[in-house]
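What follows is the residue order along each chain.
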Amino acid sequence: MKIAISSDEYHPILEALFKSLEQRNIEYLYFGPKQNEKPQNWTKVTLLATDSIKDGRADEGIVLCWTGTGCAMIANKVNGIRAALCTDGETAKGAKIWNHANVLALSLRLLSEGSLKEILTSWFETPYSSDDWNIEQISVVNALESGF
């Protein structure tokens, strides 16, 4: 599995995120400033991450900005992307099960190492649902992309 990661500013929580992915043997592509570099536009870095999912360079994404809202909004404008802003593990679990989310949006402001660990554990250990009811719900979401 390969994850596209974007952040509009360098934040120390990114180091914990990278380390957690490495411990899970998950490769990642990072789009955003490095330590001591100026912040970048959240729209630009989020689109770089989602484009890497669309073109097959990454399987899923994790997008971050100060609130997590902006990066979630822009990610959800991209066909094929289902981004969920998650602040805890249960929300991340539900986003995978019921929404088949393929992009995790996170708030740099709210994220601690403990909450990050909880969210990532739920995200990576929860498969998409395959029951008829959930598949029907996702078909409605997919139809919206086609101009439902």
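Above this note sits the structure.
Values in this document were obtained by computation on a predicted structure and should not be read as measured data.

Describing helix H5 (residues 113-125)
Then, number 1: Look at H5: 18 Å from first C-alpha to last across 13 residues, which is about the 18 Å you get at 1.5 Å a residue.
Then, number 2: Turning to H5, its buried residues number three or more, namely Ser115, Leu116, Ile119, Leu120, Ser122, Trp123 and Phe124.
Then, number 3: As for H5, its buried residues are in contact with strand E1 (2-7), helix H1 (13-23), strand E3 (60-65), helix H4 (89-99) and strand E5 (103-107).

Describing H1
Then, number 1: Among the residues of H1, Ile13, Leu14, Ala16, Leu17, Phe18, Ser20 and Leu21 are the ones counted as buried.
Then, number 2: Buried residues belonging to H1 abut E1, strand E2 (27-31), E3 and H5.
Then, number 3: Trailing H1 by a residue or two, Asn25 shows a phi angle of about 60 degrees, which is positive.

Description of unusual backbone geometry
Then, number 1: One non-glycine residue, Asn25, lies in positive phi territory at about 60 degrees.
Then, number 2: Counting through the fold element by element, Asn25 comes out in the loop between H1 and E2.
Then, number 3: Note on Asn25: relative accessible area 69%, which makes it exposed.
Then, number 4: Here His100, not a glycine, exhibits a phi torsion of approximately 50 degrees, which is positive.
Then, number 5: By relative accessible area, which is 8% here, His100 ends up buried.

Examining the packing of H1 against H5
Then, number 1: For the pair H1 and H5, interaxial distance at closest approach is 10 Å and the crossing angle is 35 degrees. Crossing handedness for the pair H1 and H5: right-handed. Here H1 contributes Ile13, Ala16, Leu17, Ser20 and Leu21 to the contact with H5, which in turn contributes Glu113, Leu116, Leu120 and Phe124.

So, the sheet that holds E3
Then, number 1: Strands sit in the order E2-E1-E3-E5-E4 across an open sheet of five strands; the sheet is parallel. Since the sheet does not close on itself, it has two edges, and those belong to E2 and strand E4 (83-85), each with one partner. Sheet twist, expressed as the mean angle between neighbouring strand axes with direction ignored, is 20 degrees.
Then, number 2: Looking at chain direction, E1 and E3 are connected through five bridges and run parallel. In the sheet register, Ile5 faces E3, and the bridge partner there is Ile62.
Then, number 3: Against the sheet, H1 contacts E1, E2 and E3, and its axis sits at roughly 155 degrees relative to E2.
Then, number 4: Across the sheet, H5 lies against E1, E3 and E5, angled at about 170 degrees from E5, the strand it touches most.

The rules behind each value
- Residues numbered from 1 in each chain as written.
- Predicted model: local features only at pLDDT ≥ 70, side-chain atom pairs only at ≥ 80, totals over all residues.
- Heavy atoms only, no water.
- Helix = DSSP H or I, 4+ residues; strand = E, 2+ residues; numbered from the N terminus.
- Expected span 1.5 Å × (residues − 1).
- Buried < 20%, exposed > 50% of the residue type's maximum accessible area, 1.4 Å probe, protein only.
- Contact = heavy atoms within 4.5 Å.
- Axes fitted to C-alpha atoms, helices over the stretch in contact; angles between N-to-C directions.
- Left-handed = near helix turned anticlockwise from the far one by under 90°.
- Pairing = 2+ DSSP bridges.

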